[in-house]
Amino acid sequence: KELVFSGVQPTGNLHLGNYLGAITKFVTLQETHDCIYCVVDMHAITVWQDPAELTRNTREVTAAFIAAGIDPKKNIVFNQSQVTGHAELAWVFNCVARMGWLNRMTQFKEKAGKDRENASVGLYVYPNLMAADILVYRATHVPVGEDQKQHLELARDIAQKFNNDYGDSIRGRGFGDVFFPLPEPIIQGPATRVMSLRDGSKKMSKSEPSDYSRINLTDDADAIAQKIRKAKTDPEPLPSELKGLESRPEADNLVGIFAALDHKTKADVLRDYGGAQFSNFKSALVDLAVTKLGPIGGEMKKLVQDPAHIDAILADGSERAAKIADENMKAVKDIVGFVRR
Ligand code: AQP
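Residues numbered from 1 in each chain as written. Predicted model: local features only at pLDDT ≥ 70, side-chain atom pairs only at ≥ 80, totals over all residues.

Our focus in this paragraph is the overall build of the protein. Counting secondary structure elements, the protein contains 15 helices and five strands. A compact globule built from 341 residues would reach a C-alpha radius of gyration of about 20 Å, and the protein, at 21 Å, matches this within 12%. Once the C-alpha set of the protein is aligned to its principal axes, its extents read approximately 70 × 45 × 45 Å. Burial status across the protein gives 43% buried among its 341 residues. Expressed as a percentage of contacts within the protein between residues at least 6 apart in sequence, the contacts between residues at least 24 apart total 78%. (Helix = DSSP H or I, 4+ residues; strand = E, 2+ residues; numbered from the N terminus. Rg over C-alpha atoms; globule rule 2.2 N^0.38 Å. Buried ≥ 20, exposed ≤ 12 C-beta atoms within 10 Å, placed from the backbone. Contact = placed C-beta atoms within 7 Å.)

Here it is, written out as structure tokens:
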């Protein structure tokens, strides 16, 4: 049976990239799949988080899920640290994954930067915890942005190596030949990698110091308008065909954002705006972005006023998640050979 899992880190500044690359996909998938959506607070602390802000950001991501249209009754919405199976399986995966595999992870290299000796060990083994997040539910499909593709491939490698290494033990217990499915990424549509509004070669990111590089989900209409108007572009009008976008990263990015917000393809957008000056196109994009994002930001701000309500949603989701994770962890412990109660 297909099961969807995905997560978002509570590291502040939730932005349009997170929304278009991940959260909108979560909303669509809930119509057709059983879905588990996680606020991955244990991932967040791989780089320093102020404790009070971590709590606030965990509630804010939960509020964003709900404001965007995720139904916490139909789906499981929870925070990672409340379900112990994530950390338990991550340890097993620390012993399955190879150093060489992790050494190839580009996100670690980017986030650790030059001062690698000073990066946390958690940041290095982050992909193992991500594999555990998905596989502790034996989830089959993972909607993510393009930047997570390499981590998903690693999760598949880990699942496969576990299935192989423990093959005899798995088969002896009535699970068939494999215990873990090889999870498939869902990376689709015109905005799988939303770029910075200031630099078309960098992805839009929470940690970029310039707030003008991103549209935050909590930005009001004025801020959205200002950021889009100031967004970097080139002097040429928009092309009418896709191949005209290839060498123009900033134009490509804005067209992709428009298409994703309007549920169209980039070709559709160029059909409507090919030949238009950026000033006109940007005005249309401001209107669209304010219409689509304004209500979500407003609802988020309302929801975070009631932390007890959000905490109750997370507690309920954690309980339901733990039921599945605990059952799977019993099987993992038996397969590995751990004596358990
Ligand atoms: N720019 C992006 N375009 C499309 N999708 C994106 N995602 C992130 N940035 C973009 C997707 O959003 C989901 C949640 O991301 P995350 O919270 O796990 O953190 P991240 O990938 O580290 O995101 P940031 O915002 O870029 O943070 P920093 O600045 O810390 O690196 C994921 O599915 C991700 O693919």
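The discussion continues.
Now for the packing of helix H3 (residues 51-68) against helix H14 (residues 278-303). Between H3 and H14, the least distance of the axes is 8 Å, while the angle of their chain directions is 130 degrees. One finds that H3 runs oblique with respect to H14. Relative to H14, the crossing made by H3 is right-handed. For the pair formed by H3 and H14, the contact residues are Glu60, Ala63, Ala64, Ile66, Ala67 and Ala68 on the first element and Ile296, Glu299, Met300 and Leu303 on the second. Of the residues that constitute the contact of H3 with H14, the class distribution is eight nonpolar, no polar and two charged. (Axes fitted to C-alpha atoms, helices over the stretch in contact; angles between N-to-C directions. Parallel < 35°, antiparallel > 145°, perpendicular 65-115°, else oblique. Left-handed = near helix turned anticlockwise from the far one by under 90°. Nonpolar A, V, L, I, M, F, W, Y, C, P; charged D, E, K, R; others polar.)

For the rest of this paragraph, the subject is the domain arrangement of the protein. By the assigned domains, the protein splits into domain 1 (3-186 + 306-336) and domain 2 (211-302). Once you take the C-alpha centre of each, domain 1 and domain 2 turn out to be 30 Å apart. Each partner contributes to the interface: domain 1 provides eleven residues, whereas domain 2 provides nine residues. Every element with two or more residues in the side of domain 1 that touches domain 2 is listed here: helix H1 (16-29) and H3. Take the side of domain 1 that touches domain 2: its biggest share by element is five residues, from H3. Taken together, the residues that form the side of domain 1 that touches domain 2 break down as eight nonpolar, two polar and one charged. (Domains from an automatic or database assignment.)

Along an α-helix, residues three or four positions apart point the same way, because every turn accommodates 3.6 residues. Of the residues making up helix H4 (residues 85-94), those classed as buried are Gly85, His86, Leu89, Ala90, Val92 and Phe93. The buried side chains of H4 occupy one side of the element, clustering within an arc of 160 degrees when seen end-on. Check the buried side of H4 and you find it contacts helix H2 (41-44), helix H8 (126-135), helix H9 (149-165) and helix H15 (307-336). (Arc of directions from axis to C-beta.)

As a matter of local geometry, the ligand sits amid 19 residues, with Gly17, Gly21, Gly145, Ser205 and Ser207 nearest to it. Here the shell around the ligand is composed, by residue class, of five nonpolar, ten polar and four charged. (Near = placed C-beta within 6 Å.)

So, about the confidence of the model for the protein. Here the protein shows a mean pLDDT of 97. Residues at 70 or above account for 100%. Here the predicted complex scores 0.97 on pTM and 0.96 on ipTM. (pLDDT = per-residue confidence, 0-100.)

This part takes up the nonpolar core. Buried together is how nonpolar side chains tend to be arranged in soluble globular proteins. Membership of the largest hydrophobic core comes to 95 residues, with the highest contact counts inside it found for Ile36 and Ile257. Shared between two domains, this core holds at least three residues of each, these being domain 1 (3-186 + 306-336) and domain 2 (211-302). (Core = buried A, V, L, I, M, F, W, Y, C linked by C-beta atoms within 7 Å.)

Another point: unusual backbone geometry. The phi angle of most residues is negative, glycine excepted, and most peptide bonds adopt the trans form. In the Ramachandran plot, Asn13 falls in the positive-phi region, its phi being about 50 degrees despite a non-glycine side chain. Here Asn13 shows up in the loop between strand E1 (3-8) and H1. Note on Asn13: 17 C-beta atoms within 10 Å, which makes it partly exposed. One non-glycine residue, His263, lies in the positive phi region at around 55 degrees. Exposure remark for His263: the 12 C-beta atoms within 10 Å place this residue in the exposed category.

In the numbering adopted here, UniProt assigns the feature "binding site: L-tryptophan" (unreviewed entry) to Asp133. Assessed through the 27 C-beta atoms surrounding it within 10 Å, Asp133 is described here as buried. The contacts of Asp133, once residues within four sequence positions are left out, are Phe5, Gly7, Cys38, Val40, Gln80 and His86. (UniProt positions renumbered as here; feature names shortened; annotations may be inferred.)

Here we come to helix H13 (residues 266-273). Taken residue by residue, H13 has Val269, Leu270 and Tyr273 as its buried positions. Seen along its axis, H13 keeps its buried residues to an arc of 100 degrees; they face one direction. Among the structural elements, helix H12 (249-261) and H14 are those in contact with the buried residues of H13. Gly275 occupies a position one or two residues after H13 and carries a positive phi of about 90 degrees.

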